[in-house]
Every structure is written in C-alpha cells, then in structure tokens.
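Structure assessment
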Amino acid sequence: MVDQNSPVTEDELHVYVDGELPADRRQAVETWLANHPEDAARVAAWRAQTEAIRARYGAVANEPVPSRLNIVRITRSRRSWSAVAAAAVVVAFVAGGIAGWMARGASAAAPNPFELFAGEALAAHRLYIAEVRHPIEVTAAENHLVPWLSRRVGTTLRAPELPDFGLRLLGGRLLPGPNGPAALFMYEGPSGERFTLYASKLPTPQTAFRYSVTDRFAAAYWVESEIGYVLSGPPDRERIGKIAQAIYEQMEQRAPASGRTSVDQLMSRRGS
Amino acid sequence: MTFRHDIEAAIPALRRYARALTRDAETADDLVQDTLVRALRSEHLFHGGDVRSWLYTILTNLNRNRLRSLARRPTLTPIEDDDAPDAAGPEAGGRDIERALALLVDEQRAALLLVVLEGLTYREVAEVQGVPIGTVMSRLARARVQIKAYLDGGRPALRRIK
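Residues numbered from 1 in each chain as written. Chains lettered and ligands numbered in written order. Predicted model: local features only at pLDDT ≥ 70, side-chain atom pairs only at ≥ 80, totals over all residues.

1. Details of the nonpolar core
Counting 45 residues, the largest nonpolar core has Tyr17(B), Leu55(B), Leu59(B), Ala111(B), Leu113(B) and Leu114(B) as the members making the most contacts within it. Counting only elements with at least two residues in this core, the list comes to helix H3 (37-57) of chain A together with helix H1 (2-22), helix H2 (25-41), helix H3 (51-71), helix H4 (90-102), helix H5 (106-116), helix H6 (122-129) and helix H7 (133-151) of chain B. Core analysis: the second largest hydrophobic core is formed by 44 residues, Leu122(A), Val153(A), Ala182(A) and Leu231(A) among them. (Core = buried A, V, L, I, M, F, W, Y, C linked by C-beta atoms within 7 Å. Buried ≥ 20, exposed ≤ 12 C-beta atoms within 10 Å, placed from the backbone. Helix = DSSP H or I, 4+ residues; strand = E, 2+ residues; numbered from the N terminus.)

As structure tokens, this is what we get:
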C-alpha cells in the first residue's frame, strides 16, 4: 500500500489525470494539489488539453463511415493488395504538403532546397495575386515576355496555354529566387481567380508531383530537368492537379499518354 | 464472424484516431483503409486478444512507416495562412490544438492520442507501441509539456529538452 503522505511525483499526476490512479492514492493527490498550486495548474492545463483534443476530434467517430471503408467491400475486392499499394502512392503524393506540418515536428533542422524553393514561390503567389493594378511586370501581349524570362532564368521556358481551363495569361515578372532568377507567370480565370506558375533552377533530382492544400491556397510542385515548378491557385485539389498535369505535358511537349500514372489518375483514384 | 464484427465496430474509433494523428481527413481514411485491408488479410495471424488494440497497433505502425517514407523525400513548407494570428472564437481553439499536435514527435502524439482520445490504458498503449510503460509515460509527459508551451504562447520554442 502506498504511503498516504509520500510526495506526489509528476508521473502520479499524469496517472491521476488519466484516471488510472488507485482509489487509495487519489485522496492523497487531491490533498497535495490543494497545497501545491503550481502542480494544480499543470493538472488543469493537461485536462484542458484533453478536453481540446476531444472537442476537436471526438465527433469524427460519429461521422458516417465512407463506403470505401466498408469491410464487405474491402473483403470482396480481389485487388485489395494493389489497392494498398496505390493508396500508399497516393498518400505519399497528397501528404507531401501535409508532411510539412509533420516533418517540422520531426526535423527542425534547416529547410531543404525544395522547401525553400516552394516557400519562395508561395510567398510570391500570395503577394502578387492580391495586386489589382500591377499583378505583373510585363504583359502577355509583349512578345519579349517569354524570351526575356527564359534568358534570365537560364532555360527555355514556355508560358503554358491554358484556355481549356478558362485561364488567360496576364503576363509575368522576374523575381529573385533561392538559386537565381525566377519567373512568375500569372493567369486569371473566369471569375477573377488567379493562378501563378513559378519556375526557376532547382538542382535536385526529378520528383513526382506533390500537392498541398490549405483553406486558402492549393499548390502543385514538381521538378523536371533541374527546373522546379510551383503552380499555385485557389484551394481546389482536382483543378490544380489537372492544370499541373496539362502544364507538365506542354512543358515536356508530350502528348497525354495512356498507361502512365498521371496526376489525374491518382486523383480520380482517390475519389473512388 | 465475430472477428469481422469486432473490426467493423472499431472503424469509427480508428477514423477518429487517424484523423487526429494525421490531421487530414483523406490521409486518415487512407490509413484506416490500409489498416482494414491488412487486418482482414491477417485474420489467421490473430491469436485472440483485443481486436481493437491490434487495429490500433497496425494503424500506428502504418503511420510511422508513412512518416518515415515521407521523411526520405523532400518535404514542403506548408502553405500556411500566416497573415493573421488566430483570432479568438471556438474555431481558434480547434486550430490551436491541431497545430500543437502537429509539432509533436510522432511517438509522443500517438501515445497522447491513444490515452486521451481513445481511452486506452497505459498498459495497452505500451503494447500498441511495443515499448515499456515507463516509455509511454515519458512520451505522454513530453507531449503535454510541449503542448502547454505552445498554447501558453511559447510557439517557436518547441523541441526543448527538459
């Protein structure tokens, strides 16, 4: 039996908060707390954390379970294993953005070049889409826009044509980037929504598409031939994915090939 | 078919845990789906015990693998709305706790959520995480210290070692 008068340890305070303390010790802890306001404050803070976590996530268990989690359906699916593989790919793909949140917890070290690059692109997007009169430096009507930006960035750029998405090229501007000059092309959609495509040298290996969305912006990222691209726009996962795919194909002058894992396919699979 | 019935009954709680663990609905359901597929495939490996704890174990491991594979890839700066600090209001509290959880090391976050959200005992969490109870308790303690520091306003000064 525990001595009623022994000092209360921090471990015991946790056990107490989590309701695992044996009844015969509970009274001792409560007496202790009455005489140790700092400990009482900590206990109160931990309880408040528990309440906040339950308030934030508790209701998820009451949501209707989506059909893809129906176990009869999962059992029947002969392609269960490939579905797992696909899910893993898609998780990696979509979680890229989310990984930022998590990875910051896991590695508070200096940001890698890709992070820096994406950060610059998003800062430019945020800054310039809000400009009413001067969102761009050189308009699309001026023929030297693309040659000029290409020369400064040091690669042959193309301003993608995106009428299929209702997007009109407004023009572009030159920006300082983490690895040298960066080009920013700006597009405007039918309801005034703006997209930017940021392109600059990024000497890292080619990457798959990555995707990130918040309540204000969505962005797709990729690296091809040591040029990094960041497409940013309104928070619409499907739309940004389709536009990114179209840009990728135009940049690479490729026709959409069947049998290749495209952003579209990844995204439509997610939705199923 | 009690095994399948038990699995099915655990799905809402698994979704809740996964949502808090990943803080993203799609990713969370991907994890749950992956967990269910594995559990159903591994029925023959299940030798009694608590199905729910076993499912938590699978999901926790899958999430750890996921984070590890993400860590090997370039990570992105999240597109944060950093224009305005959180305003007061009911939404702000939810976002604060969400951000505080995001800053925790994965093992600490999992331990805390299993205890406070899923109601597992320390012993059950120790089994899920495959560590001694003392380790669970220190994870819990560190998680709480960090969340408190974040919510008290010491936002940048996380990852401090006691």
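2. Section: the sheet that holds strand S1 (residues 138-139) of chain A
Residue and element names in this part refer to chain A. An order of S1-S2-S3-S4-S7-S6-S5 is seen for the seven strands of this open sheet, with the pairing classed as antiparallel. The open sheet has two edge strands, S1 and strand S5 (210-213), and neither has a second partner. Both strand S6 (residues 218-224) and strand S7 (residues 227-233) contribute to a ladder of seven bridges, which runs antiparallel. Directly across from Glu 224, in S7, lies its bridge partner Ile 227. The sheet contacts of helix H6 (residues 113-129) involve strand S2 (168-177), strand S3 (180-188), strand S4 (194-201), S6 and S7, and relative to S4 the element is tilted by about 145 degrees. With respect to the sheet, helix H8 (residues 237-251) is in contact with S4, S5, S6 and S7, its orientation differing from that of S6 by roughly 25 degrees. (Pairing = 2+ DSSP bridges. Contact = placed C-beta atoms within 7 Å. Axes fitted to C-alpha atoms, helices over the stretch in contact; angles between N-to-C directions.)

3. Some thoughts on the pairing of S5(A)
Residues and elements named next belong to chain A. Burial of the side chains of S5 extends over both faces: Arg 210 and Ser 212 are buried on one face and Tyr 211 and Val 213 on the other. Note: S5 against S6, four bridges, orientation antiparallel. Each residue of the ladder has a partner; that of Val 213, found in S6, is Ala 218.

4. Focus: the environment of Phe185(A)
Residues and elements named next belong to chain A. Within the secondary structure layout, Phe 185 lies in strand S3. Counting along the chain gives 39 residues from Phe 185 to Val 146, while the straight-line C-alpha distance between them is 9.4 Å. Once residues lying within four places of it in the same chain are set aside, the contact partners of Phe 185 are Ala 159, Leu 169, Gly 172, Thr 196 and Leu 197.

5. Observations regarding the confidence of the model for chain A
Residue and element names in this part refer to chain A. For chain A, per-residue confidence averages 78 on the pLDDT scale, and 77% of positions sit at 70 or higher. Note that residues 78-110 has pLDDT below 50 and, in this model, 70 contacts with residues that lie over four places away or in other chains. Low pLDDT (under 50) marks residues 254-272, which in the prediction has 20 contacts with non-local residues, meaning those over four places away or in another chain. (pLDDT = per-residue confidence, 0-100.)

6. Quick look at the environment of Ala143(B)
Summarising the element assignment, Ala143(B) is placed in helix H7. For Ala143(B), a count of 26 C-beta atoms within 10 Å corresponds to the buried category.

7. With respect to the pairing of S7(A)
Residue and element names in this part refer to chain A. Along S7, seven of the seven residues are buried, which leaves the element largely enclosed by surrounding structure. Along S7, one buried face is formed by Ile 227, Tyr 229, Leu 231 and Gly 233 and the opposite face, lined by Gly 228, Val 230 and Ser 232, is buried too. Between S6 and S7, which follow one another and run antiparallel, lie two residues, and Ser 225 among them has a positive phi close to 50 degrees.

8. Looking at the environment of Leu120(B)
All names here are of chain B. Residue position: Leu 120 is located in the loop between H5 and H6. The exposure class assigned to Leu 120 is buried, which follows from the 23 C-beta atoms found within 10 Å. Once the C-alpha coordinates of Leu 120 and Ser 53 are considered, the two residues, 67 residues apart in sequence, prove to be 8.4 Å apart. Not counting residues within four places of it along the chain, the set of residues in contact with Leu 120 comprises Leu 114, Val 115 and Val 125.

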